[in-house]
Amino acid sequence: MNSRELSDLLSKHENIYILTHTLPDGDAIGSALAWGAALRHHGKKVRIFCPGVIPRKYDFLPDVSVIEHVFPPAPPPGIIFILDCGDLDRLDYMRDRVIKAGIIVNIDHHGTNLHFGDLNIVDTSAAATGEIIYNLMLQLRLPLDFGISMCLYAAIASDTGSFKYGNTTSHTLHAAAALLENGVDPALISQKIFDEYPHSTIYLLRDALATLQLDDTLPIAWMNLHEDVLDDYGAKAEELEGFVNYAKNIHGIEVGIFFYHTSKGETKVGFRSKTVDVSAIAGNFGGGGHPRAAGCTIKGQAGPDAIRMVIQDVKDTLVIKSR
Ligand SMILES: [Mn+2]
């Protein structure tokens, strides 16, 4: 049982380092803050790290300002919790320091998780890492106060698209119900996470939709944007989150793809699908994720060639699937 090993480990260590992934989403941030608060209340010395800017829409989460962006070169020994990361590359520039820093506990729900930890708590049936943290807190009898409940609710609401996606299970809803009983305001959280955006976001969306293309024969739709456009509007890359769904949600489309060409000369690709396993397609390009939501980065290519290469791979996958 994972929780037994985990509680043994926790009884032996005072210093706790919690990390989550680059381009953090609500699950990454909410899970890390909740787990951090739970262990801090349990008497541990906790530090939380993220190799990326925390989007401003999460400013309402308690203690979000404690998240640090530089991992120390030689921190006092302790337990390193890596949350919501399928592989260590998701730690971006922090990776090399982190893997030398101590015992790694990998807590994640991605089907593509590489089990890189000394202890791996990987539950692919969980809708969110926040749902796993919720389970662990019950198993370890750690109290769920209002702040922790809010962070966990934000985490679970994020990864389920407000309980709309197929990953939502009865257990997910039981967890959410328990969090609401602790006083969480679901309307406030969905407004903060889903329903508010800066002016720049809507201009970016307009420009992205102007590039929308549908394949002539196969149910694939895609859009692209270049980082230069973001600079024009003073926008941040995090504002692109969710754009890919406009392609996927088109009636009759199976796979929606969003291509983001960076000034560094690479293309970040986001896939969403209705039934096709896009984590396998992302995997062909060194990426990963979930069957219905995945991503990869094409290094050294930021233009039509990257798009052609990926679209061809998606087409091949759909043709093989239809046979
Ligand atoms: Mn997640």
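Calculation criteria
Residues numbered from 1 in each chain as written. Predicted model: local features only at pLDDT ≥ 70, side-chain atom pairs only at ≥ 80, totals over all residues. Pairing = 2+ DSSP bridges. Helix = DSSP H or I, 4+ residues; strand = E, 2+ residues; numbered from the N terminus. Axes fitted to C-alpha atoms, helices over the stretch in contact; angles between N-to-C directions. Parallel < 35°, antiparallel > 145°, perpendicular 65-115°, else oblique. Left-handed = near helix turned anticlockwise from the far one by under 90°. Contact = placed C-beta atoms within 7 Å. Nonpolar A, V, L, I, M, F, W, Y, C, P; charged D, E, K, R; others polar. Core = buried A, V, L, I, M, F, W, Y, C linked by C-beta atoms within 7 Å. Buried ≥ 20, exposed ≤ 12 C-beta atoms within 10 Å, placed from the backbone. Domains from an automatic or database assignment.

K.L.:
An account of the sheet that holds strand S3 (residues 78–83) is needed here, citing residue identities and associated values.
P.N.:
Within the open sheet, the five strands sit side by side as S2-S1-S3-S4-S5. Their pairing is parallel. Strands at the two margins of the open sheet, each flanked by one partner only, are strand S2 (45–49) and strand S5 (119–122). With strand direction ignored, the average angle separating the axes of adjacent strands in the sheet is 20 degrees. Relative to S5, strand S4 (residues 102–108) is paired through four bridges, and the arrangement is parallel.

K.L.:
How would you sum up the packing of helix H2 (residues 26–41) against helix H4 (residues 129–139)? Please name residues and give values.
P.N.:
Orientation of H2 relative to H4, taken along the N-to-C sense of each, is 20 degrees, at an axis distance of 8 Å. In this view, H2 runs roughly parallel relative to H4, as classed from their interaxial angle. Like other packed secondary-structure pairs, H2 and H4 cross with a definite hand, here left-handed. Along the contact surface, H2 presents Asp27, Gly30, Ser31, Ala34, Trp35 and Ala38, while H4 presents Thr129, Gly130, Ile133 and Met137. In terms of residue class, the contact of H2 with H4 is made up of five nonpolar, four polar and one charged.

K.L.:
Report on the nonpolar core, specifying residues and quantitative values.
P.N.:
Residues Ile18, Leu19, Ala34, Phe81, Leu83, Leu152 and Tyr153 are the most contacted members of the largest nonpolar core, which totals 57 residues. When sequence neighbours within four positions are dropped, the list of residues in contact with Phe81 reads Ile16, Ile18, Leu19, Trp35, Val105 and Ile107. One finds Phe271, Ile298, Ala302 and Val314 within the second-largest nonpolar core, a separate group that totals 32 residues.

K.L.:
I'd like to hear about the domain arrangement of the protein chain, residue by residue, with values.
P.N.:
Assigned domains within the protein chain: domain 1 (2–195) and domain 2 (201–322). Among the residues forming the side of domain 1 that touches domain 2, the class breakdown is three nonpolar, five polar and two charged.

K.L.:
Which residues make up the sheet that holds strand S10 (residues 288–290), and what are the values?
P.N.:
Strand order in this open sheet of six strands is S6-S7-S8-S9-S11-S10, and the pairing throughout is mixed. Of all strands in the sheet, those with a lone pairing partner are strand S6 (213–214) and S10, marking the two edges. As paired elements, S10 and strand S11 (residues 293–298) share three bridges and run antiparallel to each other. The residue of S11 that forms the bridge with His290 is Ala293. Against the sheet, helix H12 (residues 304–322) contacts strand S7 (220–226), strand S8 (255–261), strand S9 (267–273) and S11, and its axis sits at roughly 160 degrees relative to S7.

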